[in-house]
Amino acid sequence: MPPQAKNNTEYKLQRILEYNQNLRQQLDLPRVKVSYASSLIIEYVQSTKDYLVPSVWGPAGPADPFVVKNRVDE
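Residues numbered from 1 in each chain as written. Predicted model: local features only at pLDDT ≥ 70, side-chain atom pairs only at ≥ 80, totals over all residues. Heavy atoms only, no water.

K.L.:
An account of the overall build of the protein chain is needed here, citing residue identities and associated values.
P.N.:
Helix and strand counts for the protein chain stand at three helices and zero strands. Taken from N to C terminus, the helices and strands of the protein chain fall in the order α-α-α. Taking all 74 residues of the protein chain together, the buried fraction comes to 1%. A total of about 7,600 Å² of accessible surface is found on the protein chain, and carbon and sulfur atoms cover 59% of it. (Helix = DSSP H or I, 4+ residues; strand = E, 2+ residues; numbered from the N terminus. Buried < 20%, exposed > 50% of the residue type's maximum accessible area, 1.4 Å probe, protein only. Areas by Shrake-Rupley, 256 points an atom, 1.4 Å probe, with all protein chains shown as cover.)

Below you can see the structure in the form of structure tokens.
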């Protein structure tokens, strides 16, 4: 086998081994089922008031976090 072909083969083997290692790392990552993640998002959206949608949550009232408070300059 010519030296150039041997280097190419070793290079391809190295890339395959690295790719295999990356796949193994991804396999070890914790997984969350889509149904569970979706239920968490739905729960958050239903329980967290969004003052930018007053048609759903009503007027913000005095606790509106988006109101610019006037500062009194001293």
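Once the structure has been displayed, the description carries forward.
K.L.:
Describe the confidence of the model for the protein chain, with residues and values.
P.N.:
In low-pLDDT regions, the fine details of the predicted coordinates are not to be read closely. Across the protein chain, pLDDT averages 84, with 85% of residues at or above 70. When mean pLDDT is taken per element in the protein chain, helix α2 (residues 34-47) scores highest with 94 and helix α3 (residues 54-57) scores lowest with 77. (pLDDT = per-residue confidence, 0-100.)

K.L.:
Quick one: what's the story with a nonpolar patch on the surface, residue by residue and with numbers?
P.N.:
A surface patch of nonpolar side chains, about 400 Å² in accessible area, is lined by Leu52, Val53, Val56 and Phe66. Of note, Val53 is situated in the loop between α2 and α3. (Patch = residues over 30% accessible without salt bridge, like charges linked within 9 Å, V, L, I, M, F, W, Y side chains within 5 Å. Salt bridge = Lys/Arg side-chain N within 4 Å of Asp/Glu carboxyl O.)

K.L.:
Which residues make up α2, and what are the values?
P.N.:
Taking 1.5 Å per residue as the helical rise, α2 with its 14 residues ought to reach 20 Å, and the 20 Å between its terminal C-alpha atoms agrees with that figure. For α2, the tally of buried residues reaches only zero of 14 residues, placing the bulk of the element at the surface. (Expected span 1.5 Å × (residues − 1).)

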